[in-house]
Amino acid sequence: MDYSIKKNELSAFLLLNSIDLLLISEAHLTPNSSFKLPGYITYHCDHPDDSAYAGSAILIKSNIKHTILPSFQNNCIQATNIALTLNHIPTTISSAYFRPGTKISSVELSRFFTSLGNNFLISGDLNSKHPRWGFCSPNTRGRLLNNFLLNHNLKIISPSNSTYWLSHAN
């Protein structure tokens with residue numbers, strides 16, 4: 001794969017659509033990765049074994065006032081976090097990736113959400129299936145996440161239709 005072509009396509013997309021902030025899940029970066037686009041600052045949180053899979057990233061226009069926050073990183077969750085002010089409210093923005101096939105406990109989920117503070121917005125691939133966000137039958141992680149959101153009075157914004165499609169259907 002020619003990454004310079006993909007990088008140019010992404011750069012053109014950001015410019016054409018006046019994108020200020022891009023949240024990426026499954027970023028596939030490592031501590032040695034250098035992903036730079038003109039006019040943007042890139043932050044990323046990688047899988048803890050430093051291999052180029054999983055992870056998350058944030059690209060933000062370099063002229064937007066923000067602060068990098070500590071990432072949340074373990075075998076199950078990789079989240080890149082920044083702080084900025086939205087409508088005069090200090091807000092944490094988190095780009096998250098929840099790796100499939102790994103068990104996440106309610107304690108771990110609580111640790112992640114607590115790390116974000118009181119006002120936050122999370123975008124990502126949480127690999128959690130539930131009818132509340134468009135998947136007809138929930139999985140264990142989807143039930144756990146849904147119960148956590150309900151118990152903590154958190155809102156979810158999601159398309160009403162499924163965002164998951166089998167890529168290897170028979």
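What you see is a predicted model, and the numbers here were worked out from it, not measured in a lab.

Caption draft 1: Local environment of the overall build of the chain. The helix and strand tally for the chain stands at 3 helices and 7 strands. Rg of the C-alpha trace for the chain: 16 Å, near the compact-globule value of 15 Å for 170 residues, within the 12% margin. If one aligns the C-alpha atoms of the chain with their principal axes, the spans along those axes are about 50 × 40 × 35 Å. Burial statistics for the chain: of 170 residues in total, 36% are counted as buried.

Caption draft 2: Spotlight on the sheet that holds strand β7 (residues 120-125). The 4 strands lie next to each other as β4-β5-β6-β7, forming an open sheet whose pairing is mixed. The outermost strands of the open sheet, each flanked by one partner alone, are β4 (67-73) and β7. The mean inter-strand angle of the sheet, taken between neighbouring strand axes irrespective of direction, is 20°. The pairing of β4 with strand β5 (residues 77-86) spans 5 bridges and is antiparallel.

Caption draft 3: Highlighting the nonpolar core. By size, the foremost hydrophobic cluster in this structure holds 16 residues, and its most contacted members are Ile77, Phe98, Leu109, Phe112, Phe113 and Leu145. At the level of elements, β5, β6 (89-98), α2 (106-115) and α3 (140-151) are the ones that each hand at least two residues to this core. Beyond its immediate stretch of four places on either side in the chain, Leu145 contacts Leu109, Phe113, Leu126, Ser128 and Trp133.

Caption draft 4: Just unusual backbone geometry, in detail. In this structure, Glu26 is a non-glycine residue whose phi angle is positive, near 55°. Structurally, Glu26 is set in the loop between β1 (21-25) and β2 (40-45). Phi at Asn127 takes a positive value of approximately 45°, unusual for a residue other than glycine. With respect to the secondary-structure elements, Asn127 resides in the loop between β7 and α3. A residue is classified by how much of its surface remains accessible, and Asn127, at 19% relative accessible area, is buried.

Caption draft 5: Seen up close, the pairing of strand β3 (residues 56-61). Counting buried positions along β3 gives 5 out of 6 residues, so the element sits mostly inside the fold. With 5 bridges connecting them, β1 and β3 associate as antiparallel partners. The residue of β3 that forms the bridge with Leu22 is Leu59. Note: β2 against β3, 6 bridges, orientation antiparallel. Paired with Tyr43 across the two strands is Ile58, which belongs to β3.

Caption draft 6: A look at the packing of aromatic side chains. One pass over the full model with this rule turns up 5 aromatic pairs. For the pair Phe72 and Phe112, a centre-to-centre distance of 5.3 Å together with 70° between the ring planes defines the contact as edge-to-face. Residue Phe72 is found in strand β4, and its partner Phe112 is found in helix α2; the two are separated by 40 residues along the sequence. Across the pair, Phe112 and Phe72 agree in class, each one buried. A connected cluster of aromatic rings, assembled from ring pairs, spans Phe72, Phe98, Phe112, Phe113, Phe120 and Phe148. Above the ring of Phe35, the side-chain terminus of Lys7 is found at 5.4 Å from the ring centroid.

The rules behind each value
Residues numbered from 1 in each chain as written. Predicted model: local features only at pLDDT ≥ 70, side-chain atom pairs only at ≥ 80, totals over all residues. Heavy atoms only, no water. Helix = DSSP H or I, 4+ residues; strand = E, 2+ residues; numbered from the N terminus. Rg over C-alpha atoms; globule rule 2.2 N^0.38 Å. Buried < 20%, exposed > 50% of the residue type's maximum accessible area, 1.4 Å probe, protein only. Pairing = 2+ DSSP bridges. Axes fitted to C-alpha atoms, helices over the stretch in contact; angles between N-to-C directions. Core = buried A, V, L, I, M, F, W, Y, C linked by side-chain atoms within 4.5 Å. Contact = heavy atoms within 4.5 Å. Phe/Tyr/Trp six-rings, centres within 6.5 Å; stacked < 30°, edge-to-face > 60°. Lys NZ or Arg CZ within 6 Å of the ring centre and 35° of its normal.

As far as function goes, none of this settles anything; it's purely spatial.
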